[in-house]
Amino acid sequence: MNSLLRFSVSLVLVLLFAGANANDPLRIVAGAAEAGMNYACVTQTSFWSSFHNQASLAFNKDYSAGFSYADRFGLKELSTRSAGVVIPAGRTSIGALYSNFGYSDFRRHAAGLACGLKLSGKLAAGVEADYFDEKTYGEYEERHAITFQAGVMLMPRENIRIGLQLFNPLPESLSDSYLPSSIRVGAGLQLNSDLFAAAEAEMNSKSGFLARMGFEYEALKKLFIRGGFCSQNTSFSFGLGYRLKFVQLDLGFITHDRLGVSSSASMIFKIR
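Predicted model, so just to flag it, every value in this text is computed and none were measured.

### Observations regarding the environment of Glu 128
Residue position: Glu 128 is located in strand β5 (residues 123-136). Separated by 73 residues in sequence, Glu 128 and Ala 55 have C-alpha atoms that sit 9.8 Å apart. Within polar-contact distance, the side chain of Glu 128 engages the side chain of Gln 54 at 3.0 Å.

### Considering unusual backbone geometry
Non-glycine residue Asn 38 carries a positive phi angle of around 55 degrees. When you line up the elements, Asn 38 lands in the loop between α2 (32-36) and β1 (63-72). On the basis of relative accessible area, Asn 38 is assigned to the buried category, the value being 0%. Positive phi outside glycine occurs at Asn 233, with the angle close to 60 degrees. Looking at where Asn 233 falls in the secondary structure, it is placed in the loop between β11 (223-230) and β12 (235-243). Accessibility expressed as a relative area gives 18% for Asn 233, which makes it buried.

### Let's talk about the environment of His 109
Inspection of the secondary structure puts His 109 in strand β4 (residues 106-118). Owing to a relative accessible area of 22%, His 109 belongs among the partly exposed residues under this scheme. Each C-alpha atom of the pair His 109 and Ser 99 lies 5.9 Å from the other, and the pair is 10 residues apart in sequence. Here Asn 100 takes part through its side chain, which lies 3.2 Å from a polar atom of the side chain of His 109.

### Observations regarding the environment of Ser 182
Its place among the elements puts Ser 182 in strand β8 (residues 182-190). What makes Ser 182 buried here is its relative accessible area of 8%. Residues Ser 182 and Pro 169, spaced 13 residues apart in sequence, show a C-alpha to C-alpha distance of 7.2 Å. Ignoring anything within four residues of it in the chain, the contact list for Ser 182 reads Arg 27, Gln 165, Leu 166, Phe 167, Glu 202, Met 203 and Asn 204.

### Observations concerning the pattern of salt bridges
Applying the stated rule across the entire model yields 9 salt bridges. Notably, a salt bridge pairs Asp 250 with Arg 226, separated by 2.9 Å at the nearest N-O pair. Taken as a pair, Asp 250 in strand β13 (residues 247-256) and Arg 226 in strand β11 lie far apart in primary sequence, 24 residues in all. The exposure class assigned to Asp 250 is buried, which follows from its relative accessible area of 3%. Under the relative-accessibility criterion, Arg 226 is labelled buried at 0%. Via salt bridges that share partners, Arg 184, Glu 200, Glu 202 and Arg 212 belong to a single interconnected network.

### Description of the packing of aromatic side chains
Under the defined criterion, the tally for this structure stands at 5 aromatic pairs. Here Phe 47 and Trp 48 contribute two aromatic rings whose centre-to-centre distance is 4.9 Å and whose plane-to-plane angle is 90 degrees, an arrangement assigned as edge-to-face. On the accessibility criterion, Trp 48 (1% relative accessible area) is buried. Where Phe 67 meets Phe 269, the ring centres are 6.4 Å apart and the plane angle is 75 degrees; that geometry is what we call edge-to-face. Within this pair, whereas Phe 67 is found in strand β1, its partner Phe 269 is found in strand β14 (residues 260-271), the two being separated by 202 residues in sequence. The ring of Phe 224 has Arg 243 sitting right over it, with the charged end atom 4.0 Å from the ring centre.

### A short note on the pairing of strand β6 (residues 143-157)
As paired elements, β5 and β6 share 12 bridges and run antiparallel to each other. Bridge assignment links Phe 132 to a residue of β6, and that residue is Ala 145. Pairing of β6 with strand β7 (residues 160-167) involves 7 bridges; the strand directions are antiparallel. Pairing of Ala 150 across the sheet is with Leu 166, part of β7.

### Side note on the nonpolar core
Core analysis: the largest hydrophobic core is formed by 16 residues, its most contacted members being Phe 47, Trp 48, Phe 51 and Phe 132. Setting aside its immediate chain neighbours within four residues, Phe 47 contacts Asn 60, Ser 64, Ala 65, Gly 66, Gly 84, Val 85, Val 86 and Ile 268.

The rules behind the values
Residues numbered from 1 in each chain as written. Predicted model: local features only at pLDDT ≥ 70, side-chain atom pairs only at ≥ 80, totals over all residues. Heavy atoms only, no water. Helix = DSSP H or I, 4+ residues; strand = E, 2+ residues; numbered from the N terminus. Polar contact = N/O pair within 3.5 Å; in protein donor to acceptor, adjacent residues only side chain to side chain. Buried < 20%, exposed > 50% of the residue type's maximum accessible area, 1.4 Å probe, protein only. Contact = heavy atoms within 4.5 Å. Salt bridge = Lys/Arg side-chain N within 4 Å of Asp/Glu carboxyl O. Phe/Tyr/Trp six-rings, centres within 6.5 Å; stacked < 30°, edge-to-face > 60°. Lys NZ or Arg CZ within 6 Å of the ring centre and 35° of its normal. Pairing = 2+ DSSP bridges. Core = buried A, V, L, I, M, F, W, Y, C linked by side-chain atoms within 4.5 Å.

Remember, this is a structural readout, not a statement about activity or role.
Pasting the structure below:
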């Protein structure tokens, strides 16, 4: 009975909010630094942002591995565990990501293989193939889906970035109805050596239009403070990060106007 109750509560929350939250478990979303900026990250070139806009993989020139954990509203049943690697290869970088959402009675597995390429000094593009597998308690049907996402990044000036990213851009006759489709467009500005600000808009087939804004400020050497806002659910975010020579540690927190706070933590290792 306890297991059934846990499943029922989790399923209700997933159905209500999975397609209408910045940290959507139907998509491979990871990274506490990105959470700290409320996922206003299609113009970021960091490790986890490479899986939000695959074009930014082209700017990752270190062998890297990362691990991320996020819980939604303090419920471990709605937690997401992710791991990824990035391998540079000349003008190209390859990335792989695995993500696991849920618990024993309701589980989603997702895996992605991505590639980013510099087309010129100011333009990069990338693509990612994704596989989703959903298992539900009891005799409910197991669901599978294969889709892709792609992105481009333009740097018209050294301190300005423009990003465009598409997720599941397939016609309804070819796509699985439970996967959302979305387009994200954003701009980022390096205001000075310490402060980066970004804004983006998203049109999502499940949740409609939403806007995001975020910033990252290096308050002290190697210590970063982040903040952000998302128009959906009047959501604010806050985060901290610390970078050592080969390791980066990040924490991120996102509020919901009714359900509370979602928190995340991530760790990135780099080999240069």
